[in-house]
Amino acid sequence: MTIWYGGDYNPEQWPRELWDEDVRLMQRGGISLATVGVFSWARLEPRPGEYDFAWLDDVLDTLHAGGIRVDLATATASPPPWLARRHPEMLPVTETGVRLEVGSRQHYCPSSPVYREHARRLVLSLVERYAAHPALELWHVNNEYGCHVSHCYCEVSAAAFRSWLQAKYGAIEDLNRAWGTAFWSQRYDSFDEVEPPRAAPTFRNPTQLLDFDRFSSDELLACYQAEVEVIRAASDVPITTNFMGFFKPVDYWRWAPHIDVISDDTYPDPADPRSPAYAAMVRDLMRSLGGGAPWLLMEQSPSAVNWRAHNAAKVPGQMRAWSYQSVARGADGILFFQWRQSQAGSEKFHSGMVPHGGTDTRVWREIEQLGGELRRLSGAEVGLGGSRTRASVAITLDWDSWWAVEQPASPTAVSYVEILFAWHQALTSLGLTVDFVRAEGDLSGYRVVVAPTHFVATDAQVENLASFAEAGGSLVVGFGTAITDEQLHVRLGGYLGEPLRRTLGVRVEEFAPPAPPDLRNTGREPAPPVLFDGEFLGGAGAGSVWSEYVRVDDAEVLATFTEGPLAGCPAVTRRAAGEGTAFYLATLPDPAVLRLFVSNVIDAAGVPIAAPATDGEQVEVVRRGDLVFAINHGSADAELRLAGTDLLTGSNASGLLLPPQGVAVVKP
Amino acid sequence: MTIWYGGDYNPEQWPRELWDEDVRLMQRGGISLATVGVFSWARLEPRPGEYDFAWLDDVLDTLHAGGIRVDLATATASPPPWLARRHPEMLPVTETGVRLEVGSRQHYCPSSPVYREHARRLVLSLVERYAAHPALELWHVNNEYGCHVSHCYCEVSAAAFRSWLQAKYGAIEDLNRAWGTAFWSQRYDSFDEVEPPRAAPTFRNPTQLLDFDRFSSDELLACYQAEVEVIRAASDVPITTNFMGFFKPVDYWRWAPHIDVISDDTYPDPADPRSPAYAAMVRDLMRSLGGGAPWLLMEQSPSAVNWRAHNAAKVPGQMRAWSYQSVARGADGILFFQWRQSQAGSEKFHSGMVPHGGTDTRVWREIEQLGGELRRLSGAEVGLGGSRTRASVAITLDWDSWWAVEQPASPTAVSYVEILFAWHQALTSLGLTVDFVRAEGDLSGYRVVVAPTHFVATDAQVENLASFAEAGGSLVVGFGTAITDEQLHVRLGGYLGEPLRRTLGVRVEEFAPPAPPDLRNTGREPAPPVLFDGEFLGGAGAGSVWSEYVRVDDAEVLATFTEGPLAGCPAVTRRAAGEGTAFYLATLPDPAVLRLFVSNVIDAAGVPIAAPATDGEQVEVVRRGDLVFAINHGSADAELRLAGTDLLTGSNASGLLLPPQGVAVVKP
Amino acid sequence: MTIWYGGDYNPEQWPRELWDEDVRLMQRGGISLATVGVFSWARLEPRPGEYDFAWLDDVLDTLHAGGIRVDLATATASPPPWLARRHPEMLPVTETGVRLEVGSRQHYCPSSPVYREHARRLVLSLVERYAAHPALELWHVNNEYGCHVSHCYCEVSAAAFRSWLQAKYGAIEDLNRAWGTAFWSQRYDSFDEVEPPRAAPTFRNPTQLLDFDRFSSDELLACYQAEVEVIRAASDVPITTNFMGFFKPVDYWRWAPHIDVISDDTYPDPADPRSPAYAAMVRDLMRSLGGGAPWLLMEQSPSAVNWRAHNAAKVPGQMRAWSYQSVARGADGILFFQWRQSQAGSEKFHSGMVPHGGTDTRVWREIEQLGGELRRLSGAEVGLGGSRTRASVAITLDWDSWWAVEQPASPTAVSYVEILFAWHQALTSLGLTVDFVRAEGDLSGYRVVVAPTHFVATDAQVENLASFAEAGGSLVVGFGTAITDEQLHVRLGGYLGEPLRRTLGVRVEEFAPPAPPDLRNTGREPAPPVLFDGEFLGGAGAGSVWSEYVRVDDAEVLATFTEGPLAGCPAVTRRAAGEGTAFYLATLPDPAVLRLFVSNVIDAAGVPIAAPATDGEQVEVVRRGDLVFAINHGSADAELRLAGTDLLTGSNASGLLLPPQGVAVVKP
């Protein structure tokens, strides 16, 4: 099966005479798939209801003639100026009441019937015209939903929010109970009185905020589904929309079932040494969203992006190394934004596959090299495309928890994803592949499940996690878990929920989070680390982010806090729970300690860890199907110990010297 | 007399069946006073004009049956959503024109006739129903006036501001003169042309800003008085409203005469080592606002709050120690927010007397312990309740100065309260109790008066301060004093005003403030400290915040600047003025130097200082009536040297070892 | 010819009886010119159409009687409140839609016909009344155009912007091409659809932003020209408006031809050690804007200003030293804001020539001393007034480049002026005087031209720079030059534009800017410096701000990057181009290295450098006409080596010891 290779192709930015050269260059570069039309609405419909498809016919025909398949966008991501001028109420409004203007992109209120109806009409026209086009490989709905405008506070959104709430709660008293409006005199007498959480004198109602997060994600999903409905009625070609990794505003768990092929836009900062590890986590999420199915890396940059305050170029080889990371973790395609670097507009300094400098450039040479390699790896004898990357360890991921734990008026400021990242890194550094899962899902395929700061937990989730341990799994619960139910009502009596309290054998009496290191109160010393001691964690260790008063009802204390008012309180516990084991951590151990902890948990759970592929930790090693990928993210050469043949060089992998940014694809 | 003990009680957040348990628990915890109804408007008046008092009858009757007295709130602090929906113009507007929405609390324009009228009607209904209720101990008007919305810039406020200005100035030319509108072409031709100081291209008129600060404080006071008027017509029960310590937007001097019992909400940060000293200053302010009368600590947290970026838990004993600090400094009651920690809403992570974890918790145990102790100390034989804490040293405090000196377009950015705090700490660390006073008030009861950065001074204030020295007092004037009159017109000829210039024997030629340490101009070195030298201050010393060119007309130079362009200029002066002494400081000496200076001033003034109660400085010692309170805020044990009996343990106080957070109440 | 001396005179802030004393004091202080009426509109026209000139007659007559000449302002800088109340649409609006209110100054939309018409009427009345007044020396139009409000986003501005665009582009398709609206679906179907670049979901169209910058500068110029037209019709007296140094919002190159006498307001921070060097650059700009003609220092502060967060006083002598810097660099007048320090209003803490403390102050004494000196230097025998300061080295300055290179969505955040400053300092520290020039101007008078980060370059500019080198000049081109044309369309094929690529013999393949030192990404090390090596720059050196992949087609490599992915790439190149030489720098060398580079370039170009005037670098030395000015900005004495007589002391200059802040004016 093919490993797709290509990128966003925006020929409308260039004269017609370049298009033929584009196709010739694509062929030379090994390009097999081009995404077309993402930002073409204003060109396709220059005036209301007046369509111009001739140029797009030409584009598709030209690509098809050149053997390039097409990922055809619905072009609804950026409405034309005329729509805003005719219907200014379709422009989005911020929480302080600023109506955002035309002039960039994504300037639409997700709840706007005007926007949705005009988008629907455009999609209908596109589908009618191109559903049967022979170049069509994939439908690409909209683009990066919510990237700039995920929450809208206009009157139209307010009305939609009221409808959403009425559908959810039915009776206003149920909303009052859920939102806890008895506090601060917020009782609503009817749904008509409810507004979005606009700027207010102080902290807004937390459940209102959470419901508005849910509503906002749902409204975007409704936009997506409205387009899908039009396409499905006339086309069997698969549909995708491009995700953006760990993207807080949109609950991808709710979206994924409606998407035929998961795809992702990913732009790790080349200057950040944490990027390879963070990107690995993102790839694992994409695979997990699709239930393990192959996915597409829909967008990455050939070199620098242009939207950071500082935009580092990728160093030579870095683009290739990061591309293989995606393939290793389940991607069946590597695409870029964009084919030809723009000459004008807001992204002209975003690198392109064909840079401003042309093809006598290192960027183009790397594009061409990778294209050739992926074409060779697409051969049926390799067995790469369509194969699976499998995991026996999972981390729970939950958008409600993410939204809630980062709300203001919380015990301390935490980053949900940073906590997940700490766990993912600890596990990955042991050579394990990790899935992300929903806490209420089927966990039976895993030996170890980690639930880090699963702040908002339904009864079903609490019970499912507890059952996983009772049924023989190793369950690791991090602080800040099941603090509330799905209405943000605190779980009284020690947090965690009764089933988890029983399974873990602990309850939490009081939070006592340490001050974050960057706290800058006048006259205050930098916060000391949280210190603890315990054999299971290799003796004395340090943690951060959190600590608390934990009470042990029935568990073994693996580590104990040693300093400050918490001295003597349990920091880490373990309980033999039914057939399995349940761990609780009242802080976030520092990376080395966390790695040791995780290693002991894995060992005890009997999860097999492959022998290390190299001496150091700089080389990422991932198995996909029968192949083992090794990628050197470090700054020194690394000698491989893998048995087999490197498909990229044809050499024997054992003893192979991987340079920095080097990659081997080893067939045993 | 009773030392009250209790807290905010919000039973409407909980099922009826818990209420009886609440009262039983209150009895067990020694609770004597419950504040009820602070955020109950939407529950009491669920629809316009439709009242529901049955549940509140039940609450009051249940408390009364249990022997708990009631501080009954007027419930006007957070209007119900229906009021805003029916009268959106009652919502407040920020200076950039954002209308703040329902969804948190305090969402009303203080000048709104709609708000005031609806509040008045609610209060009338409450008074009619409960004025004669046997549980009623205190009326609690509104809540934390101005906490989130102190200044409103809407059209209604604009009209009210114009009326306020017309009443103050009478003729528009008087406003023009006062505001100095000849500068920047701001002359108004009629009051109709005046607006609140909304966002403008650059610095707004300073006197307009100051008048708007005064107006805003007055409008909130008018809200308070409107409610008081309704209550007074039907009830003789005392009235309070809860202050918030050093709260800039509201001029508590103007409010205090209208309040029967001063009460305060106080939330020092448990993680900030400066908190005990800062809180001591706040307690002294509350006592001073009531003219020395006992006051109520209306709200504090049992442990953590939830509204900081990071919310530390109080360490074991800290809540108790800080509670005794208030009692020592004049409080006749210790109350908390809130009784039962909320299960939902914006303050669910604000600790409660009954925590989420229930009563088998260290928080509840500490609540119960303190309740028992205070009940014992309430005994008539102890003589604590109603007794007075007295001071012979005073610091002037002035809201006009606070507002003005922190305006933009000033010589340098200073924090008025930080300057007061430096002086308060220096005096308190010597074992002195300090009052805050108005500069125009009767100062004859004090031996030493400090006027730190009394920036805006009326003629009466300047003369009163000068007279205090001439009549035999020791007057200490800090830089930045009497720079302007009450219209913010500069006092020409050397600042300070003619009487003070004569009494001090100095005039100020020019300000030359040092750069603050955190100034981050590119390529600029961190600002060096201000250096000076002089025997009276113990030799060479350093200062900060300010320095200036002072000219001595007739005074003794006690210290001289030694570095930079000011080298050789006077830093500290003294003059024998009439029967007394007048000191001037042109900088803020560092704490140790300031303490030595203050000590010398105190010595010379013949103010008696009690012998130190311990070796170190970590123990706060305060005399109230006949009792001496000792509180150990340090991290090591401290041995007491006080003669008498510790009423808390019954032990001999002399030689008693106070652990960290330990307290002794010593009867000689 | 006279060196003017004086300042803003606002007698309307003071009682009439002070005016006569003012004139007597002015005479004592050597004042020859007073700026009158800058903020007098509300006083001159207290009600619509009702003028009051009597007081201004009095002011002008009184000054004239005292021999003081008048710089008469048109008083249009701050409209009276009544104008805004009658025509609220004349108030400016921010990009987030906030309408800025009366209460400070400059509260007008520059495109407002209401404002312009009322201003025109006022100017007409002033001109009619005072054109023939014998005191009149200069017309002073408005004040600091754009200082607070340079861009307005209201509906009136939107309409004006559309007209401006229509006039520029003619057809909407030309705008679409220029703005690159094919990207992000921004195609406009008519000019009616275009709006100002208001707040939008993400990065706004770069060419729209640039055109809006151009439009905004033009609209202010149109305001200026509307007033000039009225004056010119009735008066031959010269006209000025006061510039503000390197002021980004206004393109002074486009303004300068319309101004008779260039004048500047300048407020370097006395606490910033970089201020003297930065101010020198500003003086050179003012001289350059007037084509070398004498200019006026229209405003500086006698000591502190009041609008910084921290406002340092000038140290004794600093005001005088900085005043002579202006004279040395071409100023024929030294004026201050303002004569008498205000007693009220937003600038009461801005120092005045007559301070709050009166005339027995060091500030007044320094004012008086300088006045006397300048009067003596005004003598015809001295030959100072009207004489020229000449330069043989020039730096290109371009507002389009400034606006564009600091736009968001660029490779990295750079400060255009900081880059210019680095070059100016390097050249000035060698004792050279530097002009600023337009890249398309006549460069034939210079031996060396530096084009630093000339980001936006027209074809004419690219060709003119290349021709300068080909014709025998030494051209130094810095990174980031000619990246785009004037429509912000990237110059493909290696940037720089074809003529410059040929002249330099290089092309740029890809940007790879280093991270700025203050980048605070979590877990990221501080960015290392850019390192390079090369004899011409004195061996190994370090740079910052920028680095890139440069390809040499035909040039000599003078330095090579030595670290990171760029190791081995050219950092600095040189090519013999026609009769001249062309250098290219791919980074910004650190100051010492840059100075050495510049020194080598200057040497090779045969530009004569005067022998150093002292041992160290702390003394600024500038030749104007026949006189040499030496100013000691350091903190130690410096011994002069200049032959001739110091006109200030009459001493022999050789061996003269200049103290810190000391000045010598040496006649050879």
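Since the model is a prediction, treat every value here as computed from it, not as a measurement.

Describing the relation of the copies chain A and chain C
These two copies of the chain differ by a rotation about an axis and a displacement along the same axis.
Here is step 1: Superposing chain A onto chain C takes a rotation of 120 degrees combined with a translation of 0.0 Å along the rotation axis, leaving an RMSD of 0.0 Å. Read as a symmetry element, the transformation amounts to a three-fold axis.
Here is step 2: When the interface residues of chain A are mapped onto chain C, a mere 2% of them are again interface residues, pointing to distinct binding faces.

Let's talk about the interface of chain B and chain C
Here is step 1: With 57 residues of chain B at the interface, the matching set in chain C holds 59 residues.
Here is step 2: Carbon and sulfur atoms make up 57% of the area that chain B and chain C hide from each other, which totals about 4700 Å².
Here is step 3: The largest per-residue losses of area from chain B upon contact with chain C belong to B:Phe183, B:Trp184 and B:Pro201, which jointly make up 16% of the total buried on that side.
Here is step 4: Ionic pairing is found between B:Glu195 and C:Arg85, a salt bridge with its closest N-O pair at 3.6 Å.
Here is step 5: For the pair chain B and chain C, the interface holds 27 residue pairs in polar contact (both at pLDDT 80 or more).
Here is step 6: The dominant element in the side of chain B that touches chain C, judged by the number of residues it contributes, is strand β14 (residues 506-511) of chain B, at 4 residues.
Here is step 7: Tallied by class, residues from the side of chain B that touches chain C come to 28 nonpolar, 16 polar and 13 charged.

Points about the interface of chain A and chain C
Here is step 1: Each side of the interface is counted separately: chain A has 59 residues, and chain C has 57 residues.
Here is step 2: Of all residues in chain A, A:His310, A:Ser346 and A:Phe349 give up the largest surface area on contact with chain C, accounting jointly for 14% of the area buried on that side.
Here is step 3: At the boundary of chain A with chain C, the tally comes to 6 salt bridges.
Here is step 4: Where C:Arg551 meets A:Asp360, a salt bridge forms, and the shortest distance between an N and an O atom there is 3.0 Å.
Here is step 5: Applying the counting criterion to the chain A and chain C interface returns 27 residue pairs in polar contact (both at pLDDT 80 or more).
Here is step 6: If you list the elements that add at least two residues to the side of chain A that touches chain C, you get α2 (41-44), α4 (81-86) and α12 (362-377) of chain A.
Here is step 7: Among the residues making up the side of chain A that touches chain C, the classes are represented as 24 nonpolar, 19 polar and 16 charged.

Let's talk about helix α6 (residues 155-169) of chain A
Residues and elements named next belong to chain A.
Here is step 1: Counted at 1.5 Å a residue, the expected span for α6 with its 15 residues is 21 Å, and the 21 Å between its end C-alpha atoms agrees.
Here is step 2: Taken together, the buried positions of α6 are occupied by Ser-157, Ala-158, Ala-160, Phe-161, Arg-162, Trp-164, Leu-165 and Tyr-169.
Here is step 3: Check the buried side of α6 and you find it contacts α7 (172-179) and α8 (206-232).

Some details on the state of the cysteines
Residues and elements named next belong to chain B.
Here is step 1: Throughout the structure, instances matching the rule amount to 0 disulfides over all chains.
Here is step 2: Cys-152 takes part in no disulfide bond, and the closest cysteine sulfur to it belongs to Cys-154, at a distance of 3.5 Å.
Here is step 3: Its relative accessible area of 3% is what places Cys-152 among the buried residues.

Topic: helix α11 (residues 318-328) of chain B
Residues and elements named next belong to chain B.
Here is step 1: When you tally the buried positions in α11, you get 11 out of 11 residues, the bulk of the element.
Here is step 2: For α11, the complete set of buried residues consists of Gln-318, Met-319, Arg-320, Ala-321, Trp-322, Ser-323, Tyr-324, Gln-325, Ser-326, Val-327 and Ala-328.
Here is step 3: Two residues or fewer past α11, Gly-330 is found with a positive phi of approximately 115 degrees.

Regarding the packing of aromatic side chains
Here is step 1: The tally for this structure, following the rule as stated, stands at 120 aromatic pairs over all chains.
Here is step 2: Here A:Trp339 and A:Trp364 contribute two aromatic rings whose centre-to-centre distance is 5.8 Å and whose plane-to-plane angle is 85 degrees, an arrangement assigned as edge-to-face. Taken together, the residues A:Trp339 in the loop between β9 (331-336) and α12 and A:Trp364 in helix α12 connect sequence positions 25 residues apart.
Here is step 3: Of the residues examined, A:Trp364 reaches a relative accessible area of 0% and is grouped as buried.
Here is step 4: The rings of A:Phe243, A:Phe246, A:Phe247, A:Tyr252, A:Tyr278, A:Trp399, A:Trp402, A:Tyr416, A:Phe421 and A:Phe436 are connected pair by pair, giving a single aromatic cluster.
Here is step 5: Seen from the ring of A:Trp55, A:Arg43 lies directly overhead, with NZ or CZ sitting 5.0 Å from the centre.
Here is step 6: A cation sits over an aromatic face here: C:Arg340 above C:Trp14, 5.7 Å from the ring centre.

Examining the sheet that holds strand β22 (residues 619-624) of chain C
In a beta sheet, neighbouring strands are held together by backbone hydrogen bonds and run either parallel or antiparallel to one another.
All names here are of chain C.
Here is step 1: Taken in spatial order, the 4 strands of this open sheet run β22-β23-β27-β25, and their pairing is antiparallel. Since the sheet does not close on itself, it has two edges, and those belong to β22 and β25 (645-646), each with one partner.
Here is step 2: Where helix α11 (residues 318-328) meets the sheet, it contacts β22, β23 (627-632) and β27 (663-667), and its direction lies at approximately 150 degrees from that of β23.

Details of the sheet that holds strand β15 (residues 530-533) of chain B
Residues and elements named next belong to chain B.
Here is step 1: The sheet built from 10 strands is open, its strands ordered β11-β10-β12-β13-β20-β19-β18-β15-β16-β21 with mixed pairing. The strands lining the two open edges of the sheet, one partner per strand, are β11 (434-437) and β21 (588-589).
Here is step 2: The pairing of strand β12 (residues 448-451) with strand β13 (residues 474-478) spans 4 bridges and is classified as parallel. Bridge pairing in β13 links Val-449 to Leu-475.

So, the UniProt feature "domain: Glycoside hydrolase family 42 N-terminal" (unreviewed entry) in chain A
Here is step 1: Under the UniProt annotation, "domain: Glycoside hydrolase family 42 N-terminal" (unreviewed entry) lies at residues 8-376 of chain A.
Here is step 2: For residues 8-376 of chain A, helix accounts for 40% and strand for 9%, while the C-alpha atoms at its two ends are 22 Å apart.

Points about the environment of A:Ser654
Residue and element names in this part refer to chain A.
Here is step 1: Tracing the backbone shows Ser-654 in the loop between β25 (645-646) and β26 (657-658).
Here is step 2: With relative accessibility at 43%, the residue Ser-654 sits in the partly exposed group.
Here is step 3: C-alpha separation for the pair Ser-654 and Val-477, spaced 177 residues apart in sequence, amounts to 39 Å.
Here is step 4: Every residue in contact with Ser-654, bar those within four places of it in the chain, is listed here: Leu-640, Arg-641, Leu-642 and Gly-644.

Points about the relation of the copies chain B and chain C
Here is step 1: Its rotation angle being 120 degrees, the transformation that places chain B on chain C also includes 0.0 Å of axial translation and leaves an RMSD of 0.0 Å.
Here is step 2: Interface overlap between copies is the fraction of interface residues in one copy that are interface residues in the other; for chain B against chain C it is only 2%, indicating separate surfaces.

Parameters at a glance
- Residues numbered from 1 in each chain as written.
- Chains lettered and ligands numbered in written order.
- Predicted model: local features only at pLDDT ≥ 70, side-chain atom pairs only at ≥ 80, totals over all residues.
- Heavy atoms only, no water.
- Least-squares fit on C-alpha atoms with pLDDT ≥ 70 in both.
- Contact = heavy atoms within 4.5 Å.
- Buried area = accessible area lost by both parts, 1.4 Å probe.
- Salt bridge = Lys/Arg side-chain N within 4 Å of Asp/Glu carboxyl O.
- Polar contact = N/O pair within 3.5 Å; in protein donor to acceptor, adjacent residues only side chain to side chain.
- Helix = DSSP H or I, 4+ residues; strand = E, 2+ residues; numbered from the N terminus.
- Nonpolar A, V, L, I, M, F, W, Y, C, P; charged D, E, K, R; others polar.
- Expected span 1.5 Å × (residues − 1).
- Buried < 20%, exposed > 50% of the residue type's maximum accessible area, 1.4 Å probe, protein only.
- Disulfide = S-S within 2.5 Å.
- Phe/Tyr/Trp six-rings, centres within 6.5 Å; stacked < 30°, edge-to-face > 60°.
- Lys NZ or Arg CZ within 6 Å of the ring centre and 35° of its normal.
- Pairing = 2+ DSSP bridges.
- Axes fitted to C-alpha atoms, helices over the stretch in contact; angles between N-to-C directions.
- UniProt positions renumbered as here; feature names shortened; annotations may be inferred.

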